[in-house]
Amino acid sequence: MNQKLNLHKFRPEDFDLEQLKQDEGFRDKVYKDTRGLKTIGYGLNLERPGAKEALEAAGGNTSLADLLSGKERLSKEEADAVLRKEYPAFVQQARRFVGDDTWAALDLDKQKILANMAINMGGRKLGGFKKLRRALVEGDFEESRRQMLDSSWAGQVKGRAA
């Protein structure tokens, strides 16, 4: 089935984020990711702009300062709420990266891969993958695969890139 994410009728609860959660893994206390950034939950970078607001917007009771100090831990429920609240923005970044027409032509798995890349790197760094974008626009999925695997992103996420 050639399913696609329908962003016009988007509801965060409609997204199946189980694969992403499995890929990211859950940690209830702060750890340093592969780039040395303070991270928590399902890969929430606590050092990025907007981390405090992301925690607050998800309705959690845990403050950024308390997490960073180790005074508090993040529950799975809070981490899930943060991920669900933020996921639409990452989907939009991925969609902008390839453009509306190409996005509409991609199946759900390819859309999710791009959204996952946006989560890991942010939209600005994803935008630097010019050869990947060109390959996707041209429908050359073998070349897009090569571009993804031959990147620092692939090294950071290790076997998940495959």
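Being a predicted model, the structure only gives us computed values, none of them experimental.

Here's the deal with the nonpolar core
So, step 1. Counting residues in hydrophobic clusters, the biggest one holds 37 residues, and the most contacted among them are Leu55, Phe97, Leu114, Met117 and Trp153.
So, step 2. Among the elements of the structure, helix H2 (51-57), helix H3 (64-69), helix H4 (76-98), helix H6 (108-121), helix H8 (130-137) and helix H10 (152-157) are those that each provide at least two residues to this core.
So, step 3. When near neighbours in sequence (up to four residues on either side) are disregarded, Met117 contacts Gly122, Leu126, Phe129, Leu132, Met148 and Trp153.

A closer look at the sheet that holds strand E3 (residues 44-45)
So, step 1. Reading across the sheet, the 3 strands line up as E1-E2-E3 and stay open at both edges, with antiparallel pairing between neighbours. In this open sheet, the two strands that pair with only one neighbour each are strand E1 (27-32) and E3.
So, step 2. Both strand E2 (residues 38-41) and E3 contribute to a ladder of 2 bridges, which runs antiparallel. In the sheet register, Thr39 faces E3, and the bridge partner there is Asn45.

What about the pairing of E1?
So, step 1. Where E1 and E2 come together, 3 bridges link them in antiparallel fashion. Bridge assignment links Lys32 to a residue of E2, and that residue is Lys38.
So, step 2. Between E1 and E2, which pair antiparallel one after the other, the connecting turn spans 5 residues, and Gly36 there sits at a positive phi close to 85°.

A word on the pattern of salt bridges
So, step 1. As enumerated under the stated definition, the model contains 12 salt bridges in all.
So, step 2. Across the salt bridge formed by Arg48 and Glu86, the nearest N and O atoms sit 2.4 Å from each other. Within this pair, whereas Arg48 is found in the loop between E3 and H2, its partner Glu86 is found in helix H4, the two being separated by 38 residues in sequence.
So, step 3. Taking the relative accessible area as the measure of exposure, Arg48 reaches 23% and is therefore partly exposed.
So, step 4. Within this structure, Glu18, Lys21, Asp80 and Arg84 form a network of salt bridges that share partners.

A look at the side chain of Glu78
So, step 1. Checked against the element boundaries, Glu78 lands in helix H4.
So, step 2. Although Glu78 is buried, it makes no salt bridge; Arg73 carries the closest opposite charge, 11 Å away.
So, step 3. A distance of 2.9 Å separates polar atoms of two side chains, one belonging to Glu78 and the other to Thr62.
So, step 4. When neighbours within four sequence positions are excluded, Glu78 is seen to be in contact with Gly60, Asn61, Thr62 and Arg73.

Rules and cut-offs
Residues numbered from 1 in each chain as written. Predicted model: local features only at pLDDT ≥ 70, side-chain atom pairs only at ≥ 80, totals over all residues. Heavy atoms only, no water. Core = buried A, V, L, I, M, F, W, Y, C linked by side-chain atoms within 4.5 Å. Buried < 20%, exposed > 50% of the residue type's maximum accessible area, 1.4 Å probe, protein only. Helix = DSSP H or I, 4+ residues; strand = E, 2+ residues; numbered from the N terminus. Contact = heavy atoms within 4.5 Å. Pairing = 2+ DSSP bridges. Salt bridge = Lys/Arg side-chain N within 4 Å of Asp/Glu carboxyl O. Lys, Arg positive; Asp, Glu negative; His and termini not counted. Polar contact = N/O pair within 3.5 Å; in protein donor to acceptor, adjacent residues only side chain to side chain.

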